[in-house]
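If you want the building blocks of each chain, they are given just below.
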Amino acid sequence: MSFANVILDREAPTVAQRRAIAKAITLLESTRDDHRKQADELLTALLPHTGKSFRLGISGVPGVGKSTFIETLGLFLIDKGHRVAVLTIDPSSTVSGGSILGDKTRMEKLSVHERAYIRPSPSSGTLGGVAEKTREAMLVCEAAGYDIVIVETVGVGQSETAVAGMTDMFVLLQLPNAGDDLQAIKKGVMELADLVVINKADIDKDAATRAQAQITSALRLFGHHGNPAHAQAMQAAHAVPGSPEAEIRFWQPRVMQLSALLGTGVDAFWTAVTEFKSLQSANGRLTMRREKQALAWMWERIDAGLKHAFRHHPHVRELLPQTIAAVTGGTLPASTAARNLLAAQDHHTPI
């Protein structure tokens, strides 16, 4: 692949490397079979040069200030010598199928910085709003030498679960006073967060403090009920002093306030992230997390491939129109229809 060498060349001109990264991700996002083969060859060539970055997932409801926070954080990290890649996922319209892809325009300073790369992608109907090829795009950015990869999601539905399943650390942004202080708990995503950040804390400091206290209590509650990390931390706390178990430390999810617009609290945020990375690397949980994610990615791709092969099987395509008509017309149970189509793929006689 001609642009693979440009991606791997850390000394390549920034413009040339950024163009090569863009071409690579576009190739990965293509649905053409010939492009898929080229993409697989590209990933195989890049894979030995990946895995050295820290993958940070960021999510939150619309209006919480994700773009402002990411730009402020990105510029902060660049000042510290890092190279930052940002993969933003925009929701695709269920009517037109298009996306605005406006996150890049909201990060005016970061988007033009030579040590940053921002790639907006449409969700294209993928469950949770996380683009299907986001994991592969992360690998391309890592191979190009970006040591911090940030994934920003839509922040609705299943997106939090999806991004938590592909990053090293999942950060949930909350508003200080959104009418329902525990809205994230209702969505069932609070227990996924490694760190909860109350942004725009400067707007209403009292509300931000109340929200921090309430969410902290909620996180403790989650910790006492089925959180493996909390259970292991408690075992370590009650272990015999000086024993190996007592020396192992585990990360406990926490809540903090900051103002991305004013830039206050960003240094404390990165200190917490650095502590998380250090602890999870030392106790082996970061490695375990990536291993589980790699296997989950493999099975996800298998599921998608099987579904694609099923839909394009000639016997299935021949039987599908009349089957759909029978199901929608109420003359054939959906379960029976599914078995008939699966049997058609295996060349069995339909029921």
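Residues numbered from 1 in each chain as written. Predicted model: local features only at pLDDT ≥ 70, side-chain atom pairs only at ≥ 80, totals over all residues. Heavy atoms only, no water.

**Q** How would you sum up the packing of helix α7 (residues 134–143) against helix α14 (residues 285–311)? Please name residues and give values.
**A** Between α7 and α14, whose axes approach to 12 Å, the crossing angle comes to 130 degrees. Taken together, the axis directions place α7 and α14 in an arrangement best described as oblique. Of α14, the residues touching α7 (which contributes Arg135, Glu136, Leu139 and Glu142) are Arg290, Trp297 and Glu300. (Axes fitted to C-alpha atoms, helices over the stretch in contact; angles between N-to-C directions. Helix = DSSP H or I, 4+ residues; strand = E, 2+ residues; numbered from the N terminus. Parallel < 35°, antiparallel > 145°, perpendicular 65-115°, else oblique. Contact = heavy atoms within 4.5 Å.)

**Q** Give a description of the sheet that holds strand β1 (residues 54–60) that names residues and reports values.
**A** With parallel pairing, seven strands are arranged side by side in an open sheet as β3-β2-β4-β1-β5-β6-β7. Strands at the two margins of the open sheet, each flanked by one partner only, are β3 (116–122) and β7 (254–257). Each strand of the sheet is rotated relative to its neighbour by a mean of 20 degrees, with strand direction disregarded. Pairing of β1 with strand β4 (residues 148–152), which is carried by five bridges, proceeds in the parallel orientation. Looking at β4, one finds that Arg55 is bridged to Val149. Along the sheet, α7 contacts β1, β2 (84–90), β3 and β4; its crossing angle with β2, the most-contacted strand, is approximately 165 degrees. (Pairing = 2+ DSSP bridges.)

**Q** Could you give an account of the packing of aromatic side chains, with specific residues and numbers?
**A** What describes a pair of aromatic rings is the distance from one ring centre to the other and the angle between the planes of the rings. Counted under the stated rule, the structure contains three aromatic pairs. Measuring from ring centre to ring centre gives 5.1 Å for Phe69 and Phe269, while their planes differ by 85 degrees; the resulting arrangement is edge-to-face. Note that Phe69 is positioned in helix α4 (residues 66–79) and Phe269 in helix α13 (residues 266–282), a separation of 200 residues in sequence. In this structure Phe69 comes out as buried when scored by relative accessible area, which is 0%. Under the relative-accessibility criterion, Phe269 is labelled buried at 0%. Above the ring of Tyr146, the side-chain terminus of Arg83 is found at 4.1 Å from the ring centroid. (Phe/Tyr/Trp six-rings, centres within 6.5 Å; stacked < 30°, edge-to-face > 60°. Buried < 20%, exposed > 50% of the residue type's maximum accessible area, 1.4 Å probe, protein only. Lys NZ or Arg CZ within 6 Å of the ring centre and 35° of its normal.)

**Q** If you had to explain empty space enclosed by the protein to someone new, which residues and values would you point to?
**A** A water-sized probe rolled over the atoms picks out the places where empty space is left. Across all of its chains, the model carries one cavity of 30 Å³ or more by this definition. Surrounding the largest cavity, ten residues form its lining, Glu29, Leu87, Ser121, Thr134 and Ala137 being those nearest its centre. Of all the secondary structure elements, the ones that give two or more residues to the lining of the largest cavity are α2 (14–29), β2, β3 and α7. Per-class residue counts for the lining of the largest cavity are five nonpolar, two polar and three charged. (1 Å grid on protein atoms, 1.4 Å probe; cavity = no way out; pocket = protein on both sides within 12 Å on 5 of 7 lines; lining within 4 Å. Points joined across faces, edges and corners; volume = space filled by probe spheres on them. Nonpolar A, V, L, I, M, F, W, Y, C, P; charged D, E, K, R; others polar.)

**Q** Describe in detail the nonpolar core, supporting the description with residues and values.
**A** Counting residues in hydrophobic clusters, the biggest one holds 43 residues, and the most contacted among them are Ile7, Ile21 and Val140. Two domains each provide a minimum of three residues to this core, namely domain 1 (1–48) and domain 2 (50–283). With residues up to four places along the chain from it excluded, the contact list for Ile21 reads Ile7, Tyr117, Val140, Ala144 and Tyr146. With 35 residues, the next largest nonpolar core counts Met169, Leu258, Ala260 and Val273 among its residues. (Core = buried A, V, L, I, M, F, W, Y, C linked by side-chain atoms within 4.5 Å. Domains from an automatic or database assignment.)

**Q** For the pattern of salt bridges, give the residues involved together with the corresponding values.
**A** Counted under the stated rule, the structure contains ten salt bridges. A salt bridge links Arg135 to Glu300; its shortest N-O distance comes to 3.1 Å. Linking Arg135 in helix α7 with Glu300 in helix α14, this pair joins segments that are 165 residues apart in sequence. Residue Glu300 is classed as partly exposed on the basis of its relative accessible area, which comes to 30%. The closest approach of N and O atoms between Asp168 and Arg290, which form a salt bridge, is 2.6 Å. Here Arg290 lies in helix α14 and Asp168 lies in the loop between α8 (159–164) and β5 (169–174), a separation of 122 residues in the sequence. As far as the burial class goes, Asp168 and Arg290 line up, both buried. Residues joined by salt bridges that share partners form a network here, namely Arg36, Asp40 and Glu136. (Salt bridge = Lys/Arg side-chain N within 4 Å of Asp/Glu carboxyl O.)

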